[in-house]
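Residue-level listing of the chains:
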Amino acid sequence: MHPASVLLVFLDGIGLAPPGPDNPLSGPDLSGLHMWAGGRPWTLPVTPVPDEMHHFAAVDACLGVPGLPQSGTGQATLFTGINCARLAQRHFGPWPHSSTRNALRSHNVFRRVREHTGRDTAFANAFPEAFFERATRTDRWSTTTRCCLDSGTPLRTLEDLASGNAVAADITGAGLRRFTGHTTEQTEEHAADRLLAVAQQHAFTLFEYFLTDKAGHAQSPGQAVEVLQSVSRFLGHLHACKPDGMTIVITSDHGNLEDLSVRTHTRNPVPLAVSGPGAGAFVDVVDLTDVVPAIIQAFRGVR
């Protein structure tokens, strides 16, 4: 079987660790996350999901490089399939390292899916005008937006959000309302419906969520619980309402939120949750370099 479309939900800075008082992922009221792991918490050890349409695993984010994984090289690796930490000879972030520019330009997931399928790709996040002004002035783009620029994938704006063709980076839009005055605010379930609608129109769609990483750095149990409960409602609705022909992939770039005892990132593995007809293509994923090849393999069909 192969999917008609693939949706990648990227959760920044969320790893897997044993349950405990410093791991908010082992707390209650996260049933929407548990759906993706066969009803179990997102903690170690991971129990495989005995279902060919679903897959849940712990994936290495250290990439054979000493030190703590960082967003720049971790995301560049995740979205290209190339070990960008090795290219940079270190973990680097939050921005893409200069040594990874060619990899991002020629091997990013948007470009590879379009070359393979001949169909359009999408980045569902909406960006405020201030983001474009700052990034253009400084030429400092995030890994995901750099991939879009290099592949010709349009970046969406607050006008797209207002017309229902994009999703706020914080899911509900509450953050946008506080910082930009934008008035579009919605429930996690409504945001999930919007994302599914965008994804059904494209071969591949990416949604990026960053508040998980911010909550981890803040070391605030209350903030972590609030963020995770919002994500859980969002992901639970995605799981419940996913169209039959869509494969949804959820993963991260490095650990952080799963251990509030430290302010830094961790060397813990990151989750890989997959649901849909292409899930079988992901059973051999062991580290971040394997995710993009698995997405391409999913489109080729899984025996």
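Everything below is about the structure printed above this text.
Residues numbered from 1 in each chain as written. Predicted model: local features only at pLDDT ≥ 70, side-chain atom pairs only at ≥ 80, totals over all residues. Heavy atoms only, no water.

Re helix α11 (residues 211-218)
- Within the sequence span of α11, burial applies to Thr212, Asp213, Ala215 and Gly216. Buried residues of α11 fall within an arc of 160° about the axis and therefore sit on the same side.
- For α11, the secondary structure elements touched by its buried residues are β1 (5-11), β7 (204-209) and α12 (221-241).
- Looking one or two residues beyond α11, the residue adopting positive phi is Gln219, at roughly 55°. (Buried < 20%, exposed > 50% of the residue type's maximum accessible area, 1.4 Å probe, protein only. Helix = DSSP H or I, 4+ residues; strand = E, 2+ residues; numbered from the N terminus. Arc of directions from axis to C-beta. Contact = heavy atoms within 4.5 Å.)

Let's talk about the sheet that holds strand β9 (residues 270-275)
- The 6 strands are arranged β2-β9-β8-β1-β7-β3 in an open sheet whose pairing can be described as mixed. Single-partner strands in this sheet number two, and they are β2 (54-59) and β3 (121-123). Adjacent strand axes in the sheet meet at a mean angle of 15° when their direction is disregarded.
- Pairing of β2 with β9 involves 6 bridges; the strand directions are antiparallel. Looking at the pairing, His54 lines up with Ser275 of β9.
- Strands β3 and β7 of the sheet are contacted by helix α5 (residues 109-117), whose axis makes an angle of about 160° with β3. (Pairing = 2+ DSSP bridges. Axes fitted to C-alpha atoms, helices over the stretch in contact; angles between N-to-C directions.)

Looking at the sheet that holds strand β5 (residues 156-157)
- Read from one edge to the other, the open sheet built from 3 strands follows the order β5-β4-β6, with strand pairing classed as parallel. The sheet is open, and its two edges are formed by β5 and β6 (167-168), each paired on a single side.
- Note that strand β4 (residues 125-127) and β6 share 2 bridges and pair parallel. Its bridge partner being in β6, Asn125 is matched across the sheet by Val167.

Some details on the packing of aromatic side chains
- Considering all chains together, one arrives at 10 aromatic pairs under this definition.
- Measuring from ring centre to ring centre gives 5.5 Å for Phe131 and Phe132, while their planes differ by 80°; the resulting arrangement is edge-to-face. Each member of the pair, Phe131 together with Phe132, is buried.
- Their ring planes at 50° and their centres at 5.5 Å tell us that Phe207 and Phe234 sit as a pair that is tilted. Note that Phe207 is positioned in strand β7 and Phe234 in helix α12, a separation of 27 residues in sequence. Here Phe207 and Phe234 have matching classes, each one buried. (Phe/Tyr/Trp six-rings, centres within 6.5 Å; stacked < 30°, edge-to-face > 60°.)

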